[in-house]
Amino acid sequence: MEYIDIKEDSKVYPGEYLYHKPSRDIVVCGSYDSKNDILKALYRGRLIKDGINNFQKIKLSREEQRAKRSQKACGGCKKR
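Definitions and cut-offs
Residues numbered from 1 in each chain as written. Predicted model: local features only at pLDDT ≥ 70, side-chain atom pairs only at ≥ 80, totals over all residues. Heavy atoms only, no water. Helix = DSSP H or I, 4+ residues; strand = E, 2+ residues; numbered from the N terminus. Buried < 20%, exposed > 50% of the residue type's maximum accessible area, 1.4 Å probe, protein only. Contact = heavy atoms within 4.5 Å.

## Side note on unusual backbone geometry
Even without glycine at this site, Arg-24 takes up a positive phi of about 55°. Counting through the fold element by element, Arg-24 comes out in the loop between strand E2 (17–20) and strand E3 (25–33). A relative accessible area of 68% means that Arg-24 is categorised as exposed. Unusually for a residue other than glycine, Arg-44 sits at a positive phi of about 55°. Looking at the element boundaries, Arg-44 is found in the loop between strand E4 (38–43) and strand E5 (46–51). According to the relative accessible area criterion, Arg-44 is exposed, its value standing at 69%.

## Here's the deal with the environment of Lys-11
You can see Lys-11 is positioned in the loop between strand E1 (2–5) and E2. As a C-alpha pair, Lys-11 and Tyr-32 span 21 residues in sequence and 8.9 Å in three-dimensional space. Those residues in contact with Lys-11 that sit more than four places away from it in its chain are Glu-16 and Lys-57.

Given below as structure tokens:
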């Protein structure tokens, strides 16, 4: 897993997972306002508002993406 700094020309979408530096945790992006340098995100069920420089995008390698894709379902629903 690699973290990439968010620049002015970067695209950040609502629902995207981001790394929040001060809390050292993964958050879900709510809204992105590049003009005012503010990003709103969900962190542990609460809405936080912080500067864009405190967030980083998450980049997964191909192996990590494949591993995540294979762990989606437990198979319990398939038996019904």
